[in-house]
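Residue-level structural notes
What follows is each chain in one-letter form.
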4 protein chains.
Amino acid sequence: MFTTTILVRFGDLDAAGIAYYPNLVNFLHEAFEDFFVGHLGRPFPEVYAEGLGFPTVKLEMEFLSPVHYGDQVDIRVTVERVGRSSLHMRYQGSVKGRWVFNARTVAVIVDMKTFRPTPLPSWLRERFQAALPPAPPTE
Amino acid sequence: MFTTTILVRFGDLDAAGIAYYPNLVNFLHEAFEDFFVGHLGRPFPEVYAEGLGFPTVKLEMEFLSPVHYGDQVDIRVTVERVGRSSLHMRYQGSVKGRWVFNARTVAVIVDMKTFRPTPLPSWLRERFQAALPPAPPTE
Amino acid sequence: MFTTTILVRFGDLDAAGIAYYPNLVNFLHEAFEDFFVGHLGRPFPEVYAEGLGFPTVKLEMEFLSPVHYGDQVDIRVTVERVGRSSLHMRYQGSVKGRWVFNARTVAVIVDMKTFRPTPLPSWLRERFQAALPPAPPTE
Amino acid sequence: MFTTTILVRFGDLDAAGIAYYPNLVNFLHEAFEDFFVGHLGRPFPEVYAEGLGFPTVKLEMEFLSPVHYGDQVDIRVTVERVGRSSLHMRYQGSVKGRWVFNARTVAVIVDMKTFRPTPLPSWLRERFQAALPPAPPTE
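Residues numbered from 1 in each chain as written. Chains lettered and ligands numbered in written order. Predicted model: local features only at pLDDT ≥ 70, side-chain atom pairs only at ≥ 80, totals over all residues. Heavy atoms only, no water.

**With respect to the interface of chain D and chain B**
Each partner contributes residues to the interface: chain D has 7 residues there, and chain B has 7 residues. Together, D:Phe10, D:Ala15 and D:Tyr20 form the three largest contributors to the area buried by chain D at its contact with chain B, with a combined 65%. Applying the counting rule to chain D against chain B returns 0 salt bridges. The interface formed by chain D and chain B contains 0 residue pairs in polar contact (both at pLDDT 80 or more). In terms of residue class, the side of chain D that touches chain B is built from 4 nonpolar, 2 polar and 1 charged. (Contact = heavy atoms within 4.5 Å. Buried area = accessible area lost by both parts, 1.4 Å probe. Salt bridge = Lys/Arg side-chain N within 4 Å of Asp/Glu carboxyl O. Polar contact = N/O pair within 3.5 Å; in protein donor to acceptor, adjacent residues only side chain to side chain. Nonpolar A, V, L, I, M, F, W, Y, C, P; charged D, E, K, R; others polar.)

**Description of the relation of the copies chain A and chain B**
Between the two copies, chain A and chain B, the superposition gives an RMSD of 0.0 Å; the rotation angle is 180° and the shift along the axis is 0.0 Å. Accordingly, the operation relating the two chain copies is best matched by a two-fold axis. Considering only C-alpha atoms, the part of chain A nearest the rotation axis is A:Glu60, at 2.2 Å. The share of interface residues of chain A whose copies in chain B are also at the interface is 100%, consistent with both copies meeting through the same surface. (Least-squares fit on C-alpha atoms with pLDDT ≥ 70 in both.)

**Some remarks on the side chain of B:Asn102**
Counting through the fold element by element, B:Asn102 comes out in strand S6 (residues 98-108). A distance of 3.2 Å separates the side chain of B:Asn102 from the side chain of B:Arg90, its partner in a polar contact. (Helix = DSSP H or I, 4+ residues; strand = E, 2+ residues; numbered from the N terminus.)

**A look at the relation of the copies chain D and chain B**
The second copy of the chain is related to the first by a rotation about an axis and a shift along the axis. Superposition of chain D onto chain B requires a rotation of 180° combined with a translation of 0.0 Å along the rotation axis, giving an RMSD of 0.0 Å. Looking at chain D, 100% of its interface residues are interface residues in chain B too, so the copies touch through the same face.

**So, the pattern of salt bridges**
Residues and elements named next belong to chain A. By the definition in use, this model includes 28 salt bridges over all chains. Taking the shortest distance from any N to any O, the salt bridge between glutamate 80 and arginine 104 comes out at 2.7 Å. With glutamate 80 in strand S4 (residues 72-82) and arginine 104 in strand S6 (residues 98-108), this pair connects stretches of sequence that are 24 residues apart. Relative accessible area serves as the criterion here: at 35%, glutamate 80 is assigned to the partly exposed category. A relative accessible area of 35% means that arginine 104 is categorised as partly exposed. (Buried < 20%, exposed > 50% of the residue type's maximum accessible area, 1.4 Å probe, protein only.)

**Some thoughts on helix H3 (residues 122-130) of chain B**
Residues and elements named next belong to chain B. Taken as a whole, H3 has its buried residues at Leu124, Arg125 and Phe128. Relative to the axis of H3, the buried residues are bounded by an arc of 100° and lie together on one face. Exposed and facing more than 90 degrees away from the buried side of H3 are Ser122, Glu126 and Ala130. If you follow the buried residues of H3, they end up packed against helix H1 (21-40), helix H2 (44-49), strand S2 (52-53), strand S4 (72-82) and strand S5 (86-95). (Arc of directions from axis to C-beta.)

**Some thoughts on the interface of chain A and chain B**
Facing 22 residues of chain A, the contacting portion of chain B comprises 22 residues. Buried area between chain A and chain B, summed over both chains or domains, comes out near 1900 Å², and the portion from carbon and sulfur atoms is 65%. When residues of chain A are sorted by the area they lose upon contact with chain B, A:Tyr21, A:Leu59 and A:Phe63 head the list and together hold 26% of the total. Between chain A and chain B we count 0 salt bridges in total. Applying the counting criterion to the chain A and chain B interface returns 8 residue pairs in polar contact (both at pLDDT 80 or more). Listed by contribution, the elements that provide at least two residues to the side of chain A that touches chain B are helix H1 (21-40) and strand S3 (56-63) of chain A.

**A short note on the packing of aromatic side chains**
Residue and element names in this part refer to chain D. Evaluation of the coordinates by the stated rule reveals 68 aromatic pairs over all chains. Between phenylalanine 2 and phenylalanine 35, the aromatic rings sit 5.7 Å apart at their centres with planes inclined by 75°, giving edge-to-face as the arrangement. Residue phenylalanine 2 is found in strand S1 (residues 2-7), and its partner phenylalanine 35 is found in helix H1 (residues 21-40); the two are separated by 33 residues along the sequence. Note on accessibility: phenylalanine 2 and phenylalanine 35 belong to one class, buried. (Phe/Tyr/Trp six-rings, centres within 6.5 Å; stacked < 30°, edge-to-face > 60°.)

**Describing H1(A)**
All names here are of chain A. For H1, with 20 residues, the first-to-last C-alpha span of 28 Å sits near the 28 Å given by 1.5 Å per residue. The sharpest bend along H1 measures roughly 25° and falls at aspartate 34. Where burial is concerned, most of H1 is hidden: 16 out of the 20 residues are buried. Glycine 41 occupies a position one or two residues after H1 and carries a positive phi of about 90°. (Expected span 1.5 Å × (residues − 1). Bend = angle between axes of the 7 residues up to and from the residue.)

**Side note on the environment of A:Asn26**
With respect to the element layout, A:Asn26 can be found in helix H1. What makes A:Asn26 buried here is its relative accessible area of 17%. Once the C-alpha coordinates of A:Asn26 and A:Asp12 are considered, the two residues, 14 residues apart in sequence, prove to be 9.7 Å apart. Apart from the residues within four sequence positions on either side, A:Asn26 is in contact with B:Tyr20, B:Pro22 and D:Gly11.

**A word on the pairing of strand S5 (residues 86-95) of chain D**
It is a general feature of regular strands that their side chains alternate between the two faces of the sheet. Residues and elements named next belong to chain D. Here S5 lies mainly inside the structure; 8 of its 10 residues are buried. The turn linking strand S4 (residues 72-82) back onto S5 is made up of 3 residues. When S5 meets strand S6 (residues 98-108), the two strands line up antiparallel, connected through 10 bridges. Its bridge partner lying in S6, valine 95 is registered against arginine 98. Linking two consecutive strands that pair antiparallel, namely S5 and S6, is a turn of 2 residues; a positive phi of about 50° is found at lysine 96 within it. (Pairing = 2+ DSSP bridges.)

Any link to function would need more than the numbers given here.
Structure representation (structure tokens):
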């Protein structure tokens, strides 16, 4: 299990003094980047520079509690499914143990030269699969 | 039915040259603002200044096709349900007749002084209800 | 003289309920884009797609008065100097006749394939020069 | 002398794959926040919550070299002048020893209840003054 922490900055706030929700969506991408370097062992900018993109095609997000200025948001990143050319990810955000958001995304792997879906390279597939939570025990 | 059009700016783009998806989430809020002044007949900033907030508590969004620099995104805004202190909205984005995103949000109406849910004021409830699509015919 | 108008959106605000100043810097770029289509007669996205970039290398900006939610910011765009591979621009923002910012930028024209400075193409140079304010009368 | 480091995220990039300059302006505010907690010894969000604001009234910034995805930008923060109700700050950004930007800002200290200028509280004035670089030796 991988968790990263993102600090809420002044520029993330809205007029109500809480994080504006599109900025929390941006936090998901930041957590995805941190997951690459921190859990898969490769910086995302390197993988991106090699021509792989991961555009998000689906997003579901619940905002459970307001996120305030200066909060440290702990984001737990979980791989839920590794498809041939897709990744199902989950992001659970909390501040000091209180859940603040819960999100699921589906990203498609694309070849940045053609912007067409492409299978995950095997080295990356292996790392994502190794990051899957253990299957529940069967009898 | 209400449709507003938002121009994709340079600042909305990502390194792939397409709209970065958190910025498309921001488009939903802009469409909500345009819906107020264009369909409900009150500018959102006025309503907000009077102490009503509409934080988003749930978001579902599909990104169907890339959105490019200079695109005019037509966003059809539909009220799906008017609750006591909540609004279910739908946003369907298209560019020149091609669907680019489909989103649903749930917003809660809050009193900005307390940040607690509050019933929709009756004048606003009436306008949102008048904006509901007609019920399908029954036999 | 060219003026464009930009509406202040919820996403532009900071926790003080006024436009966050980096977002007003973004307004300068939006005004530059509007100047292309509205005054030079070519949409900026088209010019950009043809491989010309205009990165800003210098910015000076005074924030004269707070910009509020729902404000329509009128931005007067002036060409101050047309260099071989550079443009000196001025942006004067006002709301209902009250000045809110005053900015100068220097942009360099680059070939996007090499990201190296390149002379302004002659068709574009002519249009920028035609946009220069008239010289003051001499005796 | 105080230096903080900010990572360039995917959301900071423009279509050219480099940091969009309004986002680098946002980096200045992030560096100002880090300066509070790291050098003055109080988190900025706390000071802000107590009712002090620091709106920027003037900005000068040179963009010396492109900033790329994944860059760690080291920002040296210097206090240049401490006025009664104003602060002159300097921000020098570098990546691996190469200068990428150089900025100066003037912020005004305001009482957030009235949004009017207010003198720096003495505790904060002392800390800012202690952060001034030493005067050059005189004979």
